[in-house]
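Remarks on the overall topology
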Amino acid sequence: MDGFKKSLDTALGVILCNIVIAVLVHLIIVMEFVPSMIIMVAVVGIILVLDRFGVVNAMFDAFIHHKAVAIISGVILLIASPISLGSQNYAAHITTTAIIYMIACLGLNFQMGSTDMTNFAPAAFMGVGAYSVALCTVKLGWSPWVGILIGILLSVLFGLVMGLPTLKTKGYYLSLVTMAMQLAFTQVINIMPALGGSNGIPGVGRFTLFGLELYKRYTVAGIRFAPQIPYMFMCLAFLVGLTYVAMRVYYSKSGLSLNTIAQDDIAANCMGINVSRQKLFAFVIGGIFCSIAGSLFAGLDSYVGPETYSFSKSLMLICMLILGGMDNSIGIIAGAFLLTIISEKLRDVADFQQLVYGLILVIMLIVRPNGIIPKRVRNYCGITKRSVVRPAEPQKNPAE
Amino acid sequence: MKKNRLIAILMAILMVAMFAVGCNAAPSTGAEAPSAGGEAPSAGGAKGDKVVKIGFLAPITGGNAAEGAAARNAFVLAIDQANASGEYPYAIEVIQIDDQSKPEVGAAGAQKIVSDPDVVVASGHWNSGVAEATIPVFKENEIPMLIWGAIRENLTSVENYPWITRSAPTDVQENIPLAKAVLDDMAYDKVFIVSDLTSYGEGNTTAFTAELASRGLTALGVEKVQEGTVDFRPIIQKIKDSGANCVYWGGVVTEGSMLKSQMFEEQVDALFCGISGNYSQDFLKIGAEAAEGALIVKPGVVLSSTPAGSKFVADYEAAGFSEPIGAYTPYAYEAALILLNCLKQCGDAPTPEAMRDAIIASSTTGIMGTTTFNEIGQTTNVAAYLNVVQDGDWAVYDDSAYASGAKAFPGK
Amino acid sequence: MGLERVVNLLPGAVMMGCTYTLVAIGYCLFFGVLDVVVFCCGDIAMFGAFGIVGAYTILYSAGLIQALPLVVMVLLLLLIAAILCAALGLVSYYVSIKPFEKSSTLMPLLSTIALGTVIKEVLGLVFQPVVNGMAQAAINVPDPKSVVGGRNPQGMPHLIAPTGTTMERNLIIIAIMVVILMALFIFLNKTKMGLSMQAISQNRELAFMTGIDVKRIILTTFLIGGVLLSVGGFVLGNYQSIIRFDGGTMYGIKGFSAAVVGGLKSTWGAVIGGMLLGFVEVFAAGLLNGGTQWQNIIAFLVIIVFIIFKPEGIIGEKTVEKV
């Protein structure tokens, strides 16, 4: 196993790793129900086994050591993967949906993963973003980009309002407040004719970039690409950017103080952390992420309705977070991807969908409460230079 | 830790068992519904392996599963009959998509349909909200869609024409005969409107309020309830205080039958009327003796009055489906007949464009009369008739004891 | 109109309050002993109600229902439901509380929500058309008609005063409530076991040191909680005469809210909280014109306001955080 880890820690190993991941993801998306499920279960099983031998951590280390190689090959694969879907509308659609959920889960993680504050209202934040875009484009005739900005502003406000109770309450009380807000959000939209009521708002404007329509069928080099492909590039760009932000926040002083608050907020207070400000910060930045995700969702479906942003969507996002692994961006992305695909592939036995969510959650919480790819030990040296903490090597130190 | 592992293993076994049950259950429902995917090619095997596919979207699971599954049965039944008749030079296959009454699920399902190159036409939806979400998909990908059951008025419009057409009446068209019967013929004048907060309920409230206004009346009160409400007693107090003699219910069966039974319990002296979302066996079962005297309008014609209609009922029952015929099941069958007629006109190799032109120009005589489409793709064949609950069963109003005067509605 | 309508609305408000109170007491019991929120209380209650329907159907087809007098039959059904719910209470303890005794408070909350989803979905799957149709046939109509597919709501047999008026039924339900409250009060304050529960609730380590068998008390709490919730499901089903497999979620959230508004550790607080919530909902719907659509929103606003301004609840001491 050590030899394998060593060989991973080379430029070629990193590139191969990237390629293997990309191919597996592609197969899971494109295959039919049964083979796709088999691959998915196998992948999760292999990850769990490898993690026991520390290979997953070694992979993370390898990526940090060969940062440039990893980023360049990753970007190439990211650009290649939408193109590889070609004219497959359906695959492109569910992949884009998965990307959007990844962004929302990254946002939810600031509250649930980093700060240990229960938030049962991520779907409401998504709704804020989605309805901003819908109202801006349909009722006011503005560009959806303005809608995204307005959505961000509104979600900051909404995050502050929802964050306020966190200053006075914690634990169960907080979860009840967010739950009540989520339920009230759906019902308020339902009874407001100005927001489309229960009819929702159809015909939400599509995104354009410098005159280039992002949701359109383009024919390049003889291939009729699915209309979602350009939009998927845009969502991927958002995902990469926001993942970068999330990672920077995680490694920043702010991220550290959020984790400290999660451990013990009184101790955090004694250490000079402004607990109130940090909690509000978690709600606001998480809200912004979710709102952007909601805006992108509105642009994808070109329709918003209250039932899309309901309590069960919130539970689904929480389930993704726990499945993937809290407080680890890569884990969260994996969790969101797996659950989106599972729920799409379970389409033919939809009566079982909720049951499967429930069972996944129960089993995960008991067996592996930290998720498939749990959070790693903070490693500040690794970000800027080669790691000084190499867990597997202490016995070799004298030889060096 | 060991114990935890044990529990986890037990849960995992439960999960696997559920999957097994699910996989068993899914094919068995598929077998009940004559499976177009499995059997159609063998029927058409002699004609070579050319296949033409039709997408069909309905809420096969979830809260509206009763309507959706029955409609699926009827649609597939019609296609199977066509395949068996040997009149088509290709096998027709149905791609069944379950939209679960959720817009985003429907939209993803529509993507699945349009990404199949053999699909020439689609038919879909019981929920207007889901239709709103899938219409852009079909328009963008230039696949015509014939709506069989979603009734919000603005689904067929100048913008959506010619890709989107509808063979079912709209909510406005459905409320007209009810308003005529209740307000004109029976001369009820104190109406209280209760509806649910779904787009279905909203559409009906708007339509019926407009009917009231055109007669110079206003509703004594309008109450809207969340879906899943079980306690209607506060509303019933309001109805009693307002002195209404007619309660219009604008929602669907579950809440409707509970409102009716609680009205019965609180002894409200008023007529209960509503539209086709309440026409179901559930209404009778939940309501039991309280359901008596509910007046429900249903689109279409009395099926047993025409030979084609009677044949459909007989065929449907002979096929042994577990879901009984619902209010919109004949419309799903009718939609299939219209599409089959258009396929016939498109010759050996139908294309989406040819189908679009064929649908809007078509004139099909099915089980409920002749369907043609107007300038925005809405059917011109609008018919509806009244049903009443009499002695624990649905009866056609014109043949019932209420019409003959043997029984009288409350509130008079 | 004003006063008269208030009087007319009162019984409904009291009944809503009663149904919320029974679930709220369940939350209080569990929270008192374990300091965790067992979020699947509503689903356990719904499980009890469905258990009654299932048992009724089976007994009906065995011909027992027709043979037994009403009181015996009701007690028998209640006993069956109580056993089912107590068993489910134990399961929920072992599956979703015990594994997380040492982890953060978030975990049991999430795992009980997940377990609640599982209970709910299993109910929805088990009471599919066939069973549903049998039950419907036993309850309402003499001959089973073909039944609509899907997860339709389930009729509840009229067990409380089946031939009486609504008022009689309401009075019986209130009487059941009072009896249960009294029994619980006596149990908690006069018996050794009840006092041990209170001791654990106040200080678990100290209770352990004074020789209280903490583990046994916890298990007993879950048994009693399960029995209480089964009565809750029975009362709710009879009041509404309809049960829905997914009705437990909203019922659970409302019950939890009632418990929080009242003060999470106090049984009397749960009664007050439940009544307050019932009154707010019914009067919001009954007094405002077009108020039904605001009913839930107003209830949620009341909860949010309470949590922000009086998080310790109506009855409940202010806790000072110990370091």
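Residues numbered from 1 in each chain as written. Chains lettered and ligands numbered in written order. Predicted model: local features only at pLDDT ≥ 70, side-chain atom pairs only at ≥ 80, totals over all residues. Heavy atoms only, no water.

1. Considerations on the overall build of chain B
For clarity, the threshold we go by: Working definition: helices are DSSP H or I runs of at least four residues, strands are E runs of at least two. Numbering for both runs from the N terminus. Only protein chains enter the calculation, and the probe is 1.4 Å; a residue is then buried if its accessible area is under 20% of its type maximum, exposed if over 50%, and partly exposed in between. When checking whether two residues touch, look at their non-hydrogen atoms; a contact exists if any pair is within 4.5 Å. Only the protein chains shown count as cover for residues, with accessible areas throughout obtained via the Shrake-Rupley method and a probe of 1.4 Å.
Within chain B one finds 14 helices and 14 strands. Every one of the 412 residues in chain B was classed for burial, and the buried ones make up 62%. In chain B, of all internal contacts separated by at least 6 residues, the share reaching a separation of at least 24 is 70%. Total accessible area on chain B is roughly 14000 Å²; 55% of this is exposed by carbon and sulfur atoms.

2. So, the sheet that holds strand β6 (residues 191-196) of chain B
Residues and elements named next belong to chain B. Definition in use: Any two strands with at least two DSSP bridges between them are considered paired. To define axes, lines are fitted to C-alpha atoms, for helices over the stretch in contact only, and angles between the resulting N-to-C directions are given on a 0 to 180 degree scale.
Judged by pairing direction, the sheet is mixed, and its seven strands sit side by side in the order β7-β6-β8-β9-β10-β13-β14 without closing on themselves. Single-partner strands in this sheet number two, and they are β7 (221-225) and β14 (393-396). When strand polarity is set aside, the average angle formed by the axes of neighbouring strands in this sheet is 25 degrees. By the bridge criterion, four bridges tie strand β13 (residues 384-390) to β14 in an arrangement that is antiparallel. Bridged to asparagine 387 within β14 is valine 396.

3. A short note on the packing of helix α7 (residues 122-139) of chain A against helix α14 (residues 311-324) of chain A
All names here are of chain A. Threshold: Angles below 35 degrees are treated as roughly parallel, those above 145 as roughly antiparallel, those between 65 and 115 as roughly perpendicular, and all remaining angles as oblique. The classification used treats Ala, Val, Leu, Ile, Met, Phe, Trp, Tyr, Cys and Pro as nonpolar, Asp, Glu, Lys and Arg as charged, and all other residues, Gly among them, as polar.
Put simply, α7 and α14 touch, their axes get as near as 7 Å, and they point 115 degrees apart. Judged by the angle between their axes, α7 and α14 are roughly perpendicular. Here Pro122, Ala123 and Met126 of α7 lie close against α14, whose contacting residues are Lys313, Ser314 and Leu317. Residues of the contact of α7 with α14, tallied by class, amount to four nonpolar, one polar and one charged.

4. Regarding the packing of aromatic side chains
As a reminder, the rule being used: Paired rings are identified among Phe, Tyr and Trp, the last through its six-membered ring, by centres lying within 6.5 Å, and are further divided according to the angle between planes into stacked (under 30 degrees), edge-to-face (over 60) and tilted (the rest). Put simply, a charge is over a ring when the Lys NZ or the Arg CZ is close to the ring centre, within 6 Å, and near the line of the ring normal, within 35 degrees.
Applying the stated criterion across every chain yields a total of 33 aromatic pairs over all chains. Taking the centre distance of 6.3 Å and the plane angle of 90 degrees together, the rings of Phe232(B) and Trp249(B) count as edge-to-face. With Phe232(B) in the loop between β7 and α8 (233-242) and Trp249(B) in strand β8 (residues 246-249), this residue pair connects regions lying 17 residues apart in the sequence. Since its relative accessible area comes to 0%, Phe232(B) is described here as buried. The class of Trp249(B) is buried, set by a relative accessible area of 0%. Taking the centre distance of 5.5 Å and the plane angle of 50 degrees together, the rings of Phe185(C) and Trp268(C) count as tilted. Of this pair, Phe185(C) sits in helix α7 (residues 166-190) while Trp268(C) is found in helix α12 (residues 267-287), placing the two residues 83 residues apart along the sequence. Each member of the aromatic cluster is reached from another via a ring pair, and the members are Trp145(A), Phe207(A), Tyr231(A) and Phe238(A). We note Arg356(B) situated over the ring of Trp163(B); from NZ or CZ to the ring centre the distance is 4.7 Å.

5. What about the domain arrangement of chain A?
Residue and element names in this part refer to chain A. Cut-off, in case you're wondering: Where each domain starts and ends comes from a domain assignment, either automatic or drawn from a database. Buried area: the sum, over both parts, of the accessible surface (1.4 Å probe) that disappears when the two are put together. What makes a salt bridge here is a side-chain nitrogen of Lys or Arg within 4 Å of a carboxyl oxygen of Asp or Glu, nothing more. Counting of polar contacts relies on pairs of N or O atoms within 3.5 Å, with two restrictions inside protein: one atom must be capable of donating a hydrogen and the other of accepting it, and residues adjacent in sequence are counted only when both atoms are side-chain atoms.
Under the domain assignment used here, chain A contains domain 1 (1-85) and domain 2 (89-374). Distance between the C-alpha centres of domain 1 and domain 2: 25 Å. Taken residue by residue, the interface counts 19 residues in domain 1 and 22 residues in domain 2. In this assembly, domain 1 packs against domain 2 so that about 1800 Å² is buried in total across both faces, 84% of it on carbon and sulfur atoms. The largest per-residue losses of area from domain 1 upon contact with domain 2 belong to Ile29, Pro82 and Leu85, which jointly make up 28% of the total buried on that side. Scanning the region where domain 1 abuts domain 2 turns up one salt bridge. One can count three residue pairs in polar contact (both at pLDDT 80 or more) joining domain 1 with domain 2. Looking at the side of domain 1 that touches domain 2, the elements that each hand over two or more residues are α2 (11-30), α3 (33-52), α4 (55-65) and α5 (67-85). No other element matches α3, which puts eight residues into the side of domain 1 that touches domain 2. Residues of the side of domain 1 that touches domain 2, tallied by class, amount to 17 nonpolar, one polar and one charged.

6. What about the packing of α7(C) against helix α8 (residues 192-202) of chain C?
Residues and elements named next belong to chain C. Where α7 meets α8, the axes come as close as 5 Å, and the angle between the chain directions of the two elements is 75 degrees. Taken together, the axes of α7 and α8 are roughly perpendicular relative to one another. The segment α7 lies against α8, with Phe187, Leu188, Asn189 and Lys190 engaging Lys192, Met193, Gly194, Leu195, Met197 and Gln198.

7. A short note on helix α3 (residues 65-85) of chain B
Residues and elements named next belong to chain B. Just so we agree on the cut-off: Expected span of a helix, by definition, is 1.5 Å for each gap between consecutive residues, and there is one gap fewer than residues.
Counted at 1.5 Å a residue, the expected span for α3 with its 21 residues is 30 Å, and the 30 Å between its end C-alpha atoms agrees. The buried fraction of α3 amounts to 17 of the 21 residues, a majority that puts the element mostly inside the structure. Once α3 ends, the next one or two residues include glycine 86, with phi positive near 75 degrees.

8. Section: the interface of chain C and chain B
Taken together, the 36 residues of chain C in the interface contact 38 residues of chain B. Buried surface at the junction of chain C and chain B, summed over both partners, amounts to about 3300 Å²; 59% is from carbon and sulfur atoms. At the boundary of chain C with chain B, the tally comes to three salt bridges. Close ionic contact of Arg169(C) with Glu265(B) constitutes a salt bridge, the shortest N to O distance being 3.5 Å. Counting across the chain C and chain B interface gives six residue pairs in polar contact (both at pLDDT 80 or more). Counting only elements with at least two residues in the side of chain C that touches chain B, the list comes to α1 (2-34), α4 (70-97), α5 (106-126), α7, α10 (214-240) and α12 of chain C.

9. What to know about the interface of chain A and chain C
Reports often express the size of an interface as the amount of accessible area lost when the parts come together. Counting residues at the interface gives 38 residues for chain A, matched by 43 residues for chain C. For the pairing of chain A and chain C, the buried interface totals around 3700 Å² over both sides, and the portion due to carbon and sulfur atoms is 81%. Area buried by chain A at its contact with chain C is led by Tyr172(A), Tyr173(A) and Leu176(A), which between them contribute 20% of it. Between the two partners, chain A and chain C, sit zero salt bridges. Between the two partners, chain A and chain C, sit zero residue pairs in polar contact (both at pLDDT 80 or more).

10. Points about a nonpolar patch on the surface
Note the cut-off: The patches reported here contain residues having more than 30% relative accessible area and no salt bridge. Joining distances are 9 Å for like charges and 5 Å for nonpolar side chains (Val, Leu, Ile, Met, Phe, Trp, Tyr).
Judged by side-chain polarity, Leu12(A), Leu16(A), Ile19(A), Val23(A), Leu27(A) and Met31(A) come together as a nonpolar surface patch covering roughly 490 Å² of accessible area. Within the secondary structure, Leu27(A) sits in helix α2.

11. Some points on the pairing of strand β1 (residues 51-58) of chain B
Residues and elements named next belong to chain B. Convention followed: Note on handedness: a crossover is taken as right-handed if, strands pointing away from the viewer, the path from the first strand over the helix to the second is clockwise.
Among the eight residues in β1, seven count as buried, and that is most of the element. Relative to strand β2 (residues 91-98), β1 is paired through eight bridges, and the arrangement is parallel. Its bridge partner being in β2, valine 52 is matched across the sheet by isoleucine 92. Crossover handedness for the path β1 to α3 to β2: right-handed. By the bridge criterion, five bridges tie β1 to strand β3 (residues 119-124) in an arrangement that is parallel. Bridging across to β3, glycine 55 finds its partner in alanine 122.

12. A word on the nonpolar core
Side chains that are nonpolar tend, in soluble globular proteins, to be buried together. Rules: Buried Ala, Val, Leu, Ile, Met, Phe, Trp, Tyr and Cys residues that are joined via side-chain atoms within 4.5 Å together make up what is termed a nonpolar core.
In terms of nonpolar packing, the biggest core is built from 219 residues, with Met126(A), Tyr231(A), Leu296(A), Leu339(A), Phe39(C) and Phe256(C) touching the most fellow members. Broken down by element, the residue count for this core peaks at 17 residues, all from α1(C). A domain split of this core shows at least three residues from each of domain 1 (1-85) and domain 2 (89-374) of chain A. Core analysis: the next-biggest nonpolar cluster, separate from the first, contains 102 residues, Trp148(B), Ile151(B), Ala244(B) and Ala395(B) among them.

13. As for the confidence of the model for chain A
Short version of the rule: Per-residue confidence from the predictor is given as pLDDT, running between 0 and 100.
Per-residue pLDDT for chain A has a mean of 83; in total, 94% of the residues score no lower than 70. For chain A, per-element mean pLDDT is lowest for helix α17 (residues 380-384) of chain A, which scores 54, and highest for α7(A), which scores 92.

14. Concerning the environment of Met197(C)
Residues and elements named next belong to chain C. By secondary structure assignment, the location of methionine 197 is in helix α8. Measuring from C-alpha to C-alpha, the distance between methionine 197 and alanine 24 comes to 17 Å, with 173 residues separating the pair along the chain. With near-sequence residues (within four places) excluded, methionine 197 lies in contact with Val33, Phe187, Leu188, Ile217, Thr221 and Ile224.

15. Quick word on the state of the cysteines
Just so we agree on the cut-off: To count as a disulfide, a pair of cysteine sulfur atoms needs to be within 2.5 Å.
All chains considered together, the criterion is met by zero disulfides over all chains. Free cysteine: Cys41(C), not disulfide-bonded; nearest cysteine sulfur from Cys40(C) at 6.4 Å.

16. Details of the environment of Ile286(B)
Structurally, Ile286(B) can be placed in helix α10 (residues 281-287). With 25 residues separating them in the primary sequence, Ile286(B) and Ser261(B) have C-alpha atoms 8.0 Å apart.

17. Looking at the pairing of strand β10 (residues 294-299) of chain B
Within a regular strand, side chains alternate between the sheet's two faces. Residues and elements named next belong to chain B. Counting buried residues in β10 gives six out of six residues, a clear majority hidden from the surface. Both faces of β10 are covered, namely the face carrying Ala294, Ile296 and Lys298 and the face carrying Leu295, Val297 and Pro299. In this structure, strand β9 (residues 271-274) lies alongside β10, joined through three bridges in parallel fashion. If you follow glycine 274 over to β10, its bridge partner there is isoleucine 296. Between β9 and its parallel partner β10, the chain crosses via α10, and the hand of that crossover is right-handed. In terms of strand pairing, β10 meets β13 through five bridges, oriented antiparallel. Note that in β13 the partner of proline 299 across the bridge is alanine 384.

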